[in-house]
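Secondary and tertiary structure notes
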Amino acid sequence: MSVQRSIRKVALLFDDIVRPDTTGGYCLRALRGLVHVQHFRPSEMQRIPKGFDLYLNIDDGLEYKLPSHLGPWALWAIDTHLQPERITHRATGATFVFTAQRDGLEWRRRQCGSGGALLPLAADLDIHRRFDLQPLYDTCFVGHINCE
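Parameters and conventions
Residues numbered from 1 in each chain as written. Predicted model: local features only at pLDDT ≥ 70, side-chain atom pairs only at ≥ 80, totals over all residues. Heavy atoms only, no water. Buried < 20%, exposed > 50% of the residue type's maximum accessible area, 1.4 Å probe, protein only. Helix = DSSP H or I, 4+ residues; strand = E, 2+ residues; numbered from the N terminus. Pairing = 2+ DSSP bridges. Salt bridge = Lys/Arg side-chain N within 4 Å of Asp/Glu carboxyl O. Polar contact = N/O pair within 3.5 Å; in protein donor to acceptor, adjacent residues only side chain to side chain. Contact = heavy atoms within 4.5 Å.

Observations regarding the pairing of strand S1 (residues 9-13)
- Here S1 lies mainly inside the structure; four of its five residues are buried.
- Pairing of S1 with strand S2 (residues 36-40) involves five bridges; the strand directions are parallel. Bridge pairing in S2 places Ala-11 opposite Gln-38.
- As judged from the four bridges shared by S1 and strand S3 (residues 54-58), these two strands associate in the parallel manner. In the sheet register, Leu-12 faces S3, and the bridge partner there is Leu-56.

Printed below as a string of structure tokens:
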């Protein structure tokens, strides 16, 4: 399917209950300045209407598939090193697949024989900026441990 028209309406699909600080939240904030965007959670899949120019699914680590009647749709696979088979299954039927890590893109190409594109993570300069604080520790952990 070729998507040549301009994108004005985007349905953004991701869970923000398990992790409120998920990448999808940053995408939602950024897209609000560019297009009409509406956020849907996985629990709301059945109520997502047709009529969007793009259905963008931000990988949130959960297992679900988009309804087959929606499209065109794209998957942005974030943590491709975690459960790569889940990502491949989830990407089935996607019009576009983006990966945040180069290794994930190579793995997808080897497994699926098809492309995708590298779309690395970025920073939200309103949040990710220098803070003038005195260090308290010599080391730190940046990430999230989902214990569920």
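Read on for the rest.
Looking at the pattern of salt bridges
- With the rule as written, the count across this model stands at six salt bridges.
- Among the salt bridges present, the one from Asp-59 reaches Arg-86, with a minimum N-O distance of 3.1 Å. With Asp-59 in the loop between S3 and strand S4 (73-77) and Arg-86 in helix H2 (residues 84-91), this residue pair connects regions lying 27 residues apart in the sequence. Of the two residues, Asp-59 and Arg-86, both sit in the buried class.
- Close ionic contact of Asp-59 with Arg-90 constitutes a salt bridge, the shortest N to O distance being 3.1 Å. On the criterion of sequence distance, the pair formed by Asp-59 in the loop between S3 and S4 and Arg-90 in helix H2 is long-range, its members being 31 residues apart. Accessibility assignment for this pair places Asp-59 and Arg-90 in one class, buried.
- Put simply, Asp-59, Asp-60, Arg-86 and Arg-90 are held in one network by salt bridges that share partners.

A closer look at the side chain of Asp-59
- On the accessibility criterion, Asp-59 (5% relative accessible area) is buried.
- Within the structure, the side chain of Asp-59 is placed 3.1 Å from the side chain of Arg-90, a separation counted as a polar contact.
- With near-sequence residues (within four places) excluded, Asp-59 lies in contact with Leu-75, Trp-76, Ala-77, Ile-78, Asp-79, Arg-86, Ile-87 and Arg-90.

Description of the environment of Asp-60
- Within the secondary structure layout, Asp-60 lies in the loop between S3 and S4.
- Owing to a relative accessible area of 18%, Asp-60 belongs among the buried residues under this scheme.
- Separated by 16 residues in sequence, Asp-60 and Trp-76 have C-alpha atoms that sit 9.5 Å apart.
- Beyond its immediate sequence surroundings of up to four residues, Asp-60 is in contact with Phe-14, Asp-15, Pro-42 and Arg-90.

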